[in-house]
Amino acid sequence: MTGTRGRLVALEGIDGCGKSTQALILAARLDAVSTFEPGATPLGAALRHLLLGRDGAPVAVRAEALMMAADRAQHVADVIAPALDAGHWVVTDRYSTSTLAYQGFGRGLDQGELEAMVGWATGGLRPDLTVLFDLPVSVAAARRSGAGVDRMEAEGLAFQQRVADGYLTLAAEGRDPWLVVDATEPVESVAAAVWEAVEVLAGPGGIR
Ligand code: TYD
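Below: a short report on this structure. (Residues numbered from 1 in each chain as written. Predicted model: local features only at pLDDT ≥ 70, side-chain atom pairs only at ≥ 80, totals over all residues. Heavy atoms only, no water.)

### Digging into unusual backbone geometry
For clarity, the threshold we go by: Secondary structure elements are defined from DSSP: runs of H or I of at least 4 residues count as helices, runs of E of at least 2 residues count as strands, and each element is numbered from the N terminus. Categorising residues by exposure relies on relative accessible area from a 1.4 Å probe, with only protein chains included: less than 20% of the type maximum marks a residue as buried, more than 50% marks it as exposed, and the intermediate range marks it as partly exposed.
The omega angle of the peptide bond from Glu37 to Pro38 is -10°, so this bond is cis rather than trans. Relative to the helices and strands, Pro38 resides in the loop between strand 2 (33–36) and helix 2 (42–52). Of note, Asp31 is a non-glycine position whose phi angle comes to about 55°, a positive value. Tracing the chain through its elements places Asp31 in the loop between helix 1 (19–30) and strand 2. Judged by relative accessible area, which is 60%, Asp31 ranks as exposed. Positive phi, close to 85°, is recorded for Arg94, a residue that is not glycine. Along the chain, Arg94 falls in the loop between strand 3 (90–93) and helix 4 (96–106).

Structural data, given as structure tokens:
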């Protein structure tokens, strides 16, 4: 499959950063497979309900990390790997970095242990590009207001701030190709910045 393999672009950021809007725009422009975490497979949908519902059983921090990883393992097996193997671009609204940011920086779990767990769950599949939509926590909270608050969002601003700072730390470490976009800019400007990076990633051969 070498040479025809697709590319994986992961969109990341705190709740309310606008990445879901950008995922729609980018996937349409690329004619990519558009997907998301958690919850894109039947198993994942059940896990998402358990993970984010506010009326369910308590979820211990390590159980939360394992359930996110299980969702991702199924997502890679059912959706992402087959699409890449078939030569498609894949745009995913959240991927492994969400676990490092939320369960690592947010919940305080050990980064090295989480990286090993995520690597195992994904079979080592890493994004070709990770885009971070950077937005002050207060602005994101204002954008979210009115929408239903899930179990993660109910953690409050200090939690979101740790996650936001964690994302920037991970981007600065730069283990994978990263683009950090100022998500306070208008939707079209943000989309243009993302597109520019995707064109660089595609290289001289173009998107297809
Ligand atoms: P998301 O679907 O982006 O939220 P929404 O539908 O409200 O836009 O993500 C759901 C929540 O799950 C979000 O608060 C981030 C959290 N999450 C983790 O904590 N760890 C993970 O590994 C993933 C994928 C998501």
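### Some points on helix 2
Heads up, the condition is: By arc we mean the arc of the directions from the helix axis to the C-beta atoms, nothing more. Any pair of residues with heavy atoms lying within 4.5 Å of one another is described as a contacting pair.
Within helix 2 the residues assigned to the buried category are Gly44, Leu47, Leu51 and Leu52. All buried residues of helix 2 project into a common sector of 105° when viewed along the axis, lining one side. Exposed residues on helix 2 whose side chains face more than 90 degrees from its buried face are Pro42 and His49. In this structure, the buried residues of helix 2 make contact with helix 3 (61–85).

### Some points on the layout of surface pockets
The line we're drawing: Residues are said to line a cavity or pocket when one of their atoms sits within 4 Å of a point; the points come from a 1 Å grid over protein atoms alone, cavities being sets where a 1.4 Å probe fits but cannot get out and pockets being open sets with protein on both sides within 12 Å along at least five of seven lines. Grid points are joined across faces, edges and corners, and a volume is the space filled by probe spheres set on the points. In the scheme used here, Gly and all other residues not listed as nonpolar or charged are polar, with Ala, Val, Leu, Ile, Met, Phe, Trp, Tyr, Cys and Pro taken as nonpolar and Asp, Glu, Lys and Arg as charged.
In this structure, the largest pocket occupies an estimated 410 Å³ of space. In terms of lining residues, the largest pocket is bounded by 24 residues, among which Asp15, Lys19, Glu37, Pro38 and Arg94 are the most central. Of all elements in the fold, only helix 1, helix 2, helix 3 and helix 4 reach the threshold of two or more residues within the lining of the largest pocket. With four residues, helix 4 is the largest single contributor of residues to the lining of the largest pocket. Counted by class, the lining of the largest pocket contains eight nonpolar, six polar and ten charged residues. Considered as a void within the structure, the second largest pocket measures approximately 320 Å³ in volume. Ser96, Leu100, Glu115, Arg126 and Asp176 are, among the 19 residues lining the second largest pocket, the residues nearest its centre.

### A word on the pattern of salt bridges
Rules: Whenever Lys or Arg places a side-chain nitrogen within 4 Å of a carboxyl oxygen from Asp or Glu, that contact is recorded as a salt bridge.
Taken as a whole and judged by the stated rule, the model has nine salt bridges. Two residues, Arg94 and Asp15, come together in a salt bridge whose shortest N-O distance is 3.7 Å. Highlighted residues: Arg94 in the loop between strand 3 and helix 4 and Asp15 in the loop between strand 1 (8–12) and helix 1, separated in sequence by 79 residues. An identical accessibility class is assigned to Arg94 and Asp15; each is buried. Where salt bridges share partners, they join Glu64, Arg107, Arg151 and Glu155 into one cluster.

### Here's the deal with the side chain of Asp15
Using the following cut-off: For this analysis, a polar contact is any N or O atom pair within 3.5 Å, provided that within protein one partner can donate a hydrogen and the other can accept it, and provided that sequence-adjacent residues contribute only side-chain to side-chain pairs.
In this structure Asp15 comes out as buried when scored by relative accessible area, which is 11%. Within the structure, the side chain of Asp15 is placed 2.9 Å from the side chain of Tyr102, a separation counted as a polar contact. Those residues in contact with Asp15, other than ones at most four positions away along the chain, are Arg94, Tyr102, Ala140, Arg144, Glu153 and Gln160.

### Remarks on the sheet that holds strand 4 (residues 129–134)
Note the cut-off: Note on pairing: two strands pair once DSSP finds at least 2 bridges between them. Lines fitted to C-alpha atoms define the axes, with helix axes restricted to the stretch in contact, and inter-axis angles between N-to-C directions lie between 0 and 180 degrees.
Spatially, the five strands line up as an open sheet ordered 2-3-1-4-5, and their pairing is parallel. In this open sheet, the two edge strands, each paired with only one partner strand, are strand 2 and strand 5 (178–182). Adjacent strand axes in the sheet meet at a mean angle of 20°, parallel and antiparallel pairs treated alike. As paired strands, strand 1 and strand 3 are joined by four bridges and run parallel to one another. From the neighbouring strand, Val9 faces strand 3, where its bridge partner is Val91. Sheet contacts for helix 1: strand 1, strand 2, strand 3 and strand 4; angle to strand 3, the most-contacted strand, approximately 170°. Set on the sheet, helix 7 (residues 157–173) makes contact with strand 1, strand 4 and strand 5; between it and strand 5 the angle comes to about 135°.

Everything listed here is a matter of coordinates, which is why it stays silent on function.
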